[in-house]
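Fold and contact review
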Amino acid sequence: MRARVISALLILIFIFSMSYILIFEQFNLENQADIEKNKQAADMVASNLDDIMSRYKSALQKLASLDEFKQERPTEITQTLHDFALAQPEASAFWIVKTNGTWVAQYPAATEANQTILDRDDLRESMKGQAFVGGPYIEQVSRKKVIIITEPYYQDGEVAGIIGMSIPLSELQKKLAKVKVDQFGYVALINREDGQVLSHPDLEQFRKDFRFEASPLYQEIKVAQTTNGYFENDSYDVQQNMHSFVTLKEAPWVVIIVQPLAEFNFQTNQHRGRNFTILITLMYFLVVIVHYLLMLRDNRNTKKSKQMEKLALVGELAAGIAHEIRNPLTSIKGFIQLIGEKKGQDIPAFYYETILEELDRIDQIVGEMVVLAKPVQEAKSEVNLYKVLQDTVNLIDYQASQQEVKLILKFEPELPTIQGVSDQLKQVFINLLKNAIEAIEKSGTVTIQARRQGDKVVVTVEDTGKGMSKEVIEKLGTPFFSNKDMGTGLGLMITYRIIQNHDGEVSVHSKVGIGTQFRVRFPVSRSAGKIL
């Protein structure tokens, strides 16, 4: 009897110890997850600010490329700045100044120019040919605190001056004030270069109490050169806080997510209490109905696994559908951007016709997704392969130019027609061309050739991209395999299926670092019609 009691106690102690270790490890993981949540919040805010600064810089770069700025024509510049201000309502001022400090134009016009303009950091950096974001500064006219963004402009390859804009600091403060961190947390923004506080819920008091050089943040950012991280308290705090910080890429600022340590610990203590409750419950069930619990656990895990598999499959299919619809959407976006760039000029009817065609194509793609599960037979007809490829190149050309990729289209004279479905073949070549363009990391070329070879029409799509290994080529076309970071593989799978339905063949030749060639063969139409 005593031996049984001792054995039971030993078993209980073993189970309790192992359970405690597992629960304690889970607690540590959840505690780390709470820290990661704040770090992700800081990263999200920093990314949003980076996007805003990048957008402003891009806008100034476009201005710097205009002839009136390069040739320093004040009247035209003032009108352009006026128009630009309408598109950037959050900005308070715009200007252009020469390298010698002479003002070319300002909007709105100031009563007097700043004679010490060359002493400012934003001008000195831009005079060196670098974009600059800094502040806060005191704006000359309104005397309000502003953020300065500048971009150099050039004459004969040399920096001739800079274009700048002012953003009221209050605009950034409003954006950051909208970010919520649990109940008592908040966001602060600090200039990492001089320690100035740009945004804080209690800004004036914080500026009085906070000393950048004396804070752990200074050690992390300036000394250790850390771009992101966290620490639990700071020397300036009366109340201990949890800090997560991220350094911006587009501006010399640091975003800090501040959360009272008491609130953070309360959340972790809730996890601890929950975990110990689970531990006690687990002990009870292990002692009373071990066998039943194991069976229940196995059943639950099986159901959960099946559910996760279903959810994963649904997600992958959704991603694949999005991949296919994104092709015509990219074309529509490109032509709309071209229409926007016309600014009052006559718009070619081809633009509108193409947009309508691509909208119809989206509708067709949604219907054609059923080919993955239940192929639909469509009536085939004589296909003008030249028109299919030319239309495809027209659709993709804008995307290619954006990525500095040149499309080269070559045809063999008197190329025969093939039997097929024109829209499905267009989808094939759109997928192949997009993959070829995306395989080119910088600039390069994509060559499309079509020629007759016996009783076949051979179309090759060859790029000068990064290439693929033999192992990757062998897996192409299989469901949910992709050589892209965010790819699903469904695009090539559908491409291969369409080629197969057209009695075609596809082969891939590639060398890492040199490029890739997709070669598609279709049987010549029996009527042997010619398209060129």
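Moving on, we get to the sheet that holds strand S5 (residues 158-168). Within the open sheet, the five strands sit side by side as S2-S1-S5-S4-S3. Their pairing is antiparallel. Looking along the sheet, the strands with just one partner apiece sit at the ends: strand S2 (103-107) and strand S3 (132-138). Each strand axis lies, on average, 20° off the axis of its neighbour in the sheet, ignoring direction. Where strand S4 (residues 145-155) meets S5, 10 bridges bridge the pair, whose relative direction is antiparallel. Following the sheet pairing, Glu151 is matched in S5 by Ile163. Most of the contacts of helix H3 (residues 74-87) go to S2, to which it runs at about 30°, and overall it touches strand S1 (93-98) and S2. Of the strands in this sheet, S3, S4 and S5 are in contact with helix H5 (residues 169-177), which crosses S5 at around 55°.

A word on the pairing of S2. Two elements, S1 and S2, share four bridges in a ladder whose sense is antiparallel. Following the sheet pairing, Ile96 is matched in S2 by Ala105. Counting the residues in the hairpin turn of S1 and S2 gives four residues, including Gly101, whose phi is positive at 90°.

All right, on to the pairing of strand S15 (residues 456-463) then. For S15, a buried count of six out of eight residues is recorded, marking the element as mostly surrounded by other parts of the structure. As paired elements, strand S14 (residues 444-453) and S15 share eight bridges and run antiparallel to each other. Bridging from a neighbouring strand, Val446 pairs with Asp463 of S15. A loop of two residues connects S14 with S15, the two strands running antiparallel in sequence, and Gly454 in this loop sits at a positive phi of about 65°. Relative to strand S17 (residues 515-523), S15 runs antiparallel, the two sharing eight bridges. Its bridge partner lying in S17, Val461 is registered against Phe518.

Between Tyr107 and the following residue, Pro108, the backbone shows a cis peptide bond with an omega angle of -5°. By the element assignment, Pro108 lies in the loop between S2 and helix H4 (121-127). Residues other than glycine seldom take positive phi values, yet Asp156 does so here, at roughly 55°. Summarising the element assignment, Asp156 is placed in the loop between S4 and S5. Assessed through its relative accessible area of 84%, Asp156 is described here as exposed. Its identity is not glycine, yet Asp503 carries a phi of approximately 60°, on the positive side.

On to a positive patch on the surface. Positive charge collects at one region of the surface, where Lys144, Lys174, Lys175 and Lys178 lie side by side. Examined against the element boundaries, Lys175 turns out to sit in helix H5. Judged by relative accessible area, Lys175 falls into the partly exposed class, the value being 40%.

On to the environment of Met493, then. By secondary structure assignment, the location of Met493 is in helix H14 (residues 490-501). For the pair Met493 and Gly477, spaced 16 residues apart in sequence, the C-alpha separation works out to 4.3 Å.

Within the secondary structure layout, Tyr107 lies in strand S2. Look past the residues within four positions of Tyr107 in its chain and what remains in contact with it is Leu81, His82, Ala85, Ala93 and Phe94.

Contact geometry for helix H11 (residues 385-402) and helix H12 (residues 422-438): axes closest at 9 Å, N-to-C directions at 35°. Helix-helix and strand crossings are classified by hand; for H11 and H12 the assignment is right-handed. The residues of H12 that touch H11, namely those facing Leu385, Val388, Leu389, Asp391, Thr392, Val393, Leu395, Ile396, Gln399 and Ala400, are Ser422, Leu425, Lys426, Phe429, Ile430, Leu433, Lys434, Ile437 and Glu438.

Turning to the sheet that holds S17, a few remarks are in order. Pairing within the open sheet is mixed, and its five strands lie in the order S12-S14-S15-S17-S16. What marks the edges here is a single partner per strand, and that holds for strand S12 (405-411) and strand S16 (505-511). Across the sheet, the axes of successive neighbouring strands diverge by a mean angle of 15°, strand direction being ignored. In terms of strand pairing, S12 meets S14 through seven bridges, oriented parallel.

Here the focus is the pattern of salt bridges. Following the criterion strictly, the structure yields seven salt bridges and no others. Glu90 serves as the salt-bridge partner of Arg55, at 3.8 Å between the closest nitrogen and oxygen. Residue Arg55 is found in helix H1 (residues 2-64), and its partner Glu90 is found in the loop between H3 and S1; the two are separated by 35 residues along the sequence. Classification of Arg55 as partly exposed rests on a relative accessible area of 44%. A salt bridge links Glu72 to Lys98, with the nearest nitrogen and oxygen atoms 3.5 Å apart.

A separate point is the side chain of Ser510. One can find Ser510 in strand S16. Residue class for Ser510 comes out buried when judged on its relative accessible area of 17%. From its side chain, Ser510 meets the backbone nitrogen of Met468 in a polar contact 2.7 Å long. Non-local contacts of Ser510, meaning those with residues more than four positions away in its chain, are made with Gly467, Met468, Ile473, Gly515 and Thr516.

What counts and what doesn't
Residues numbered from 1 in each chain as written. Predicted model: local features only at pLDDT ≥ 70, side-chain atom pairs only at ≥ 80, totals over all residues. Heavy atoms only, no water. Pairing = 2+ DSSP bridges. Helix = DSSP H or I, 4+ residues; strand = E, 2+ residues; numbered from the N terminus. Axes fitted to C-alpha atoms, helices over the stretch in contact; angles between N-to-C directions. Contact = heavy atoms within 4.5 Å. Buried < 20%, exposed > 50% of the residue type's maximum accessible area, 1.4 Å probe, protein only. Patch = residues over 30% accessible without salt bridge, like charges linked within 9 Å, V, L, I, M, F, W, Y side chains within 5 Å. Areas by Shrake-Rupley, 256 points an atom, 1.4 Å probe, with all protein chains shown as cover. Salt bridge = Lys/Arg side-chain N within 4 Å of Asp/Glu carboxyl O. Lys, Arg positive; Asp, Glu negative; His and termini not counted. Charge placed at Lys NZ, Arg CZ, Asp CG, Glu CD. Left-handed = near helix turned anticlockwise from the far one by under 90°. Polar contact = N/O pair within 3.5 Å; in protein donor to acceptor, adjacent residues only side chain to side chain.

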